[in-house]
Amino acid sequence: MKKILTFTDLHMRDEGQTIIGLDPYRQFQDGLAHALENHSDADHVILMGDLANSGKTSEYERVRKALADCPLPVTFMAGNHDNRENMRVVFGDLPTTDQGHLQRVVDLGSNRIITLDSLDGPPFRNDFHNGVLCEHRLAWLENVLQNSTDKRVCVFIHHGAFKIGLDGLDAIRLCNDTEFIRLLRRYPCVEHLCCGHIHRSISGSAQGLGFTVFKSTCHQMPLILGAGYDSMSVAEPAAYGVVLFLDDAIIVHSEDWPVSIHDAQHQPDVLPE
Ligand SMILES: [Fe+2]
């Protein structure tokens with residue numbers, strides 16, 4: 001078995017700055033510590049984009065500081081709040097495509113993890129949160145898929161590549177979602193898709209491909225179907241993901257660590273006989 005830990009939408013801010021009263025640094029630090037304590041056998045960590053709230057180097061430096069004692073290899077993905085150049089300044093020489101996009105392949109035994117870069121246009125604009133996979137990123141992906149037929153593939157992308165019924169979030173999904181999923185569906189080696197961006201636990205299938213969306217490590221999106229806002233936030237328990245690559249299945253868990261059974265204050269009641 002192989003196991004990876006996923007964290008998305010950290011939205012790191014400078015010291016003393018919060019989001020709806022939550023401290024993004026403390027949130028991520030607590031979640032990472034919980035995951036490492038309870039999953040010391042994990043093989044890899046993926047940070048699935050929106051690592052910073054405003055794409056600033058000072059915010060990425062706080063992410064790096066929180067990762068200081070992490071013993072596992074880490075993959076850094078970009079989301080709509082990120083700045084690729086600042087990420088490379090702080091996190092070092094991250095793997096990129098020839099065009100400079102933060103896309104990479106991680107092989108864990110016969111499993112292939114493909115992480116994509118759906119950040120569109122300029123590094124960060126407060127008024128533009130859609131994602132896109134341009135022709136270069138799609139061509140890179142297709143080339144990797146053509147060489148992955150002997151692997152079991154799980155694809156990670158920050159933006160949701162499907163409508164979920166929340167109008168505000170549907171408006172800022174991956175622009176070319178249909179084209180992207182069609183490409184994945186042409187390759188039977190692709191078994192699952194994982195996304196962030198929406199700040200909710202969601203699962204389903206898109207054009208027949210199963211997907212999972214993870215909660216943020218900080219603030220969450222309330223379930224208000226239909227017309228609403230894309231920036232509503234609530235302080236529901238945060239979560240990280242635990243993805244298991246078993247012999248015959250890919251299993252995706254979401255662990256809401258503030259209410260985890262692993263913590264002493266939440267020991268199960270013992271029923272009287
Ligand atoms: Fe996002």
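In this text, all values refer to a predicted model and were calculated from it rather than measured experimentally. (Residues numbered from 1 in each chain as written. Predicted model: local features only at pLDDT ≥ 70, side-chain atom pairs only at ≥ 80, totals over all residues. Heavy atoms only, no water.)

Time to look at the side chain of T97. With respect to the helices and strands, T97 occurs in the loop between helix 3 (84-91) and strand 4 (104-108). Residue class for T97 comes out buried when judged on its relative accessible area of 9%. T97 has contacts with Q103 and W140, leaving out every residue within four places of it along the chain. (Helix = DSSP H or I, 4+ residues; strand = E, 2+ residues; numbered from the N terminus. Buried < 20%, exposed > 50% of the residue type's maximum accessible area, 1.4 Å probe, protein only. Contact = heavy atoms within 4.5 Å.)

The next point concerns the environment of V63. Tracing the chain through its elements places V63 in helix 2 (residues 57-66). Classification of V63 as buried rests on a relative accessible area of 0%. Taking the C-alpha atoms as reference points, V63 and D150, separated by 87 residues in sequence, lie 35 Å from one another. Among residues more than four places away in sequence, those in contact with V63 are L10, M12, F28, L47, L51 and F91.

Now for the sheet that holds strand 11 (residues 250-255). Ordered by their spatial adjacency, five strands build an open sheet running 3-2-1-10-11, and the pairing between neighbours is mixed. Strands at the two margins of the open sheet, each flanked by one partner only, are strand 3 (74-76) and strand 11. The average undirected angle you get between the axes of adjacent strands in this sheet is 20 degrees. One ladder, built from three bridges, connects strand 2 (residues 44-47) with strand 3; its direction is parallel. Looking at strand 3, one finds that V45 is bridged to V74. With respect to the sheet, helix 1 (residues 24-38) is in contact with strand 1 (2-7), strand 2, strand 10 (240-245) and strand 11, its orientation differing from that of strand 1 by roughly 170 degrees. (Pairing = 2+ DSSP bridges. Axes fitted to C-alpha atoms, helices over the stretch in contact; angles between N-to-C directions.)

Further remarks concern the coordination of the iron ion. Protein-derived coordination of the iron ion comes from D50 (OD), N80 (OD1), H158 (NE2) and H197 (ND1), at a distance range of 2.1 to 2.3 Å. With four donor atoms in place around the iron ion and angles of 84 to 171 degrees between them, the coordination shape is irregular. Of note, the donors binding the iron ion are all from one chain and are spaced D-x29-N-x77-H-x38-H. Note that D50 is positioned in the loop between strand 2 and helix 2 and H197 in the loop between strand 7 (190-195) and strand 8 (202-206), a separation of 147 residues in sequence. (Donors = N, O, S within 2.8 Å, 3.2 Å for Na, K, Ca; no water. Tetrahedral: all angles 85-135°; square planar, octahedral: opposite > 155°, others 65-115°.)

Attention now goes to the pattern of salt bridges. Taken as a whole, this structure holds twelve salt bridges when the rule is applied. The closest approach of N and O atoms between R26 and D30, which form a salt bridge, is 3.5 Å. Residue R26 and its partner D30 are located together in helix 1, separated by four residues, close to a single helical turn. Judged by relative accessible area, which is 53%, R26 ranks as exposed. Taking the shortest distance from any N to any O, the salt bridge between D117 and R84 comes out at 2.6 Å. Residue D117 is located in the loop between strand 5 (111-115) and helix 4 (135-146), and its partner R84 is located in helix 3; the two are separated by 33 residues in the primary sequence. (Salt bridge = Lys/Arg side-chain N within 4 Å of Asp/Glu carboxyl O.)

Read these as spatial facts, not as claims about activity.
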